[in-house]
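Observations on the three-dimensional arrangement
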Amino acid sequence: MEVLPKQGAVGAEVIGIDVTKSDAQTVAAIRAAWLKHGVLLFRGQNLTPEGLAAFSAQFGELEPPPASEGGTREELGNQPVWYISNVKENGQAIGSLGNAEAEWHTDMSYLPEPPTTSILFAQEVPPSGGNTSFADMEAALDALDDDLRKAIAHRTVHHDSSTTSVGETRRGHDAVFDVTTAPGASHPALRTHPETGRVSLYLGRRRHAWIEGMAVGESEALLDRLWEHCAEPTFAWEHVWRAGDLVMWDNRRMIHRRDAFDPTTRRIMLRTQLCGDRPFK
Ligand code: SIN
């Protein structure tokens, strides 16, 4: 197995490995590369949902998928693999998030203990569009202006659980009209990585976020400035998918987003996530 760092800010490609055959030594090497680079790409993999779950489980306990417009966590809870897709079979969506753009976010940061890891496998991809970008929030914090860093350093951010990254209200939730009463969890705006000791910005997602203790207008203005900074291309790597790609990222350090794509084309992605830990400063 060889690890080739990406040329940009973040990420690496792992070559020479069939992940269905990874032994304990390989898993340890993948883990070390993942902690170092934040996001890893493995091309040319051939995975069933069970194979993805089995590979993922070598890195930790599987967290049940998030609720979406199509189902609550209880309804989806007994299946570890989450389908992200715009494909419909017999008029029924086979997965979540459709074909729309997904805004920058950290997976499931509205939980008290958000997943450490997300692992995404491309089963079928459209001819164009649907690219996924990953951005490094340690680098974003390092590059943050002093005044913005001071403004956010000791703050707690409330992370809304009502709405998906494509803006749909999850089944079992109400639309949010007041961010101060949104459901979800609160976390320090800066978090220390429990394994590397590095500190990153931890903002979750922009929509319905609130910096606790601030007037809503003040919080919105500060969040806008922070997100404008986080979205700078210099912190990011944009992945153009091929079927058979597997991408694994550190959810404590990275944010990600997805481009929209033509709804008449098909995209089927399978995702697992691993149980997390409570963020601390
Ligand atoms: C996600 O995990 O947020 C979805 C990313 C994608 O569909 O590429």
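The structure we're discussing is the one just above.
Residues numbered from 1 in each chain as written. Predicted model: local features only at pLDDT ≥ 70, side-chain atom pairs only at ≥ 80, totals over all residues. Heavy atoms only, no water.

Let's shift gears to the overall build of the protein. When helices and strands are counted, the protein shows six helices and 20 strands. Relative to its length of 281 residues, the protein is compact, with a C-alpha radius of gyration of 18 Å against a globular reference of 19 Å. Counting only C-alpha atoms and orienting by the principal axes, one finds that the protein spans roughly 50 × 45 × 35 Å. Classification of the 281 residues of the protein by burial places 54% in the buried group. Across the protein, the fraction of contacts at a sequence separation of at least 24, relative to all contacts at a separation of at least 6, is 81%. Counting every atom, the protein has about 12000 Å² of accessible surface; 49% of that belongs to carbon and sulfur. Between the averaged position of the 28 positive side-chain charges in the protein and that of its 39 negative side-chain charges there is a distance of 2 Å. (Helix = DSSP H or I, 4+ residues; strand = E, 2+ residues; numbered from the N terminus. Rg over C-alpha atoms; globule rule 2.2 N^0.38 Å. Buried < 20%, exposed > 50% of the residue type's maximum accessible area, 1.4 Å probe, protein only. Contact = heavy atoms within 4.5 Å. Areas by Shrake-Rupley, 256 points an atom, 1.4 Å probe, with all protein chains shown as cover. Lys, Arg positive; Asp, Glu negative; His and termini not counted. Charge placed at Lys NZ, Arg CZ, Asp CG, Glu CD.)

This part covers the site of the ligand. The environment of the ligand is made up of Ile84, His105, Asp107, Leu120, Thr132, Trp249, His256, Arg258, Arg267 and Arg271. A distance of 2.9 Å separates an oxygen atom of the ligand from a polar side-chain atom of His105. At 3.0 Å, a side-chain N or O of Arg271 approaches an oxygen atom of the ligand. For the ligand, the accessible surface in isolation is 260 Å², of which the surrounding protein chains cover 99%. Here the shell around the ligand is composed, by residue class, of three nonpolar, three polar and four charged. (Near = heavy atom within 4 Å. Polar contact = N/O pair within 3.5 Å; in protein donor to acceptor, adjacent residues only side chain to side chain. Nonpolar A, V, L, I, M, F, W, Y, C, P; charged D, E, K, R; others polar.)

Burial runs high along strand β20 (residues 268–274): seven of the seven residues are buried. Of the two faces of β20, the one carrying Ile268, Leu270, Thr272 and Leu274 and the one carrying Met269, Arg271 and Gln273 are both buried. Note that strand β4 (residues 62–63) and β20 share two bridges and pair antiparallel. From the neighbouring strand, Glu63 faces β20, where its bridge partner is Gln273. Here strand β5 (residues 82–85) pairs with β20 via four bridges, running antiparallel. Pairing of Trp82 across the sheet is with Arg271, part of β20. The sheet contact formed by strand β10 (residues 117–124) and β20 spans seven bridges and is antiparallel. Residue pairing for β20: Ala122 is matched across the bridge by Met269. (Pairing = 2+ DSSP bridges.)

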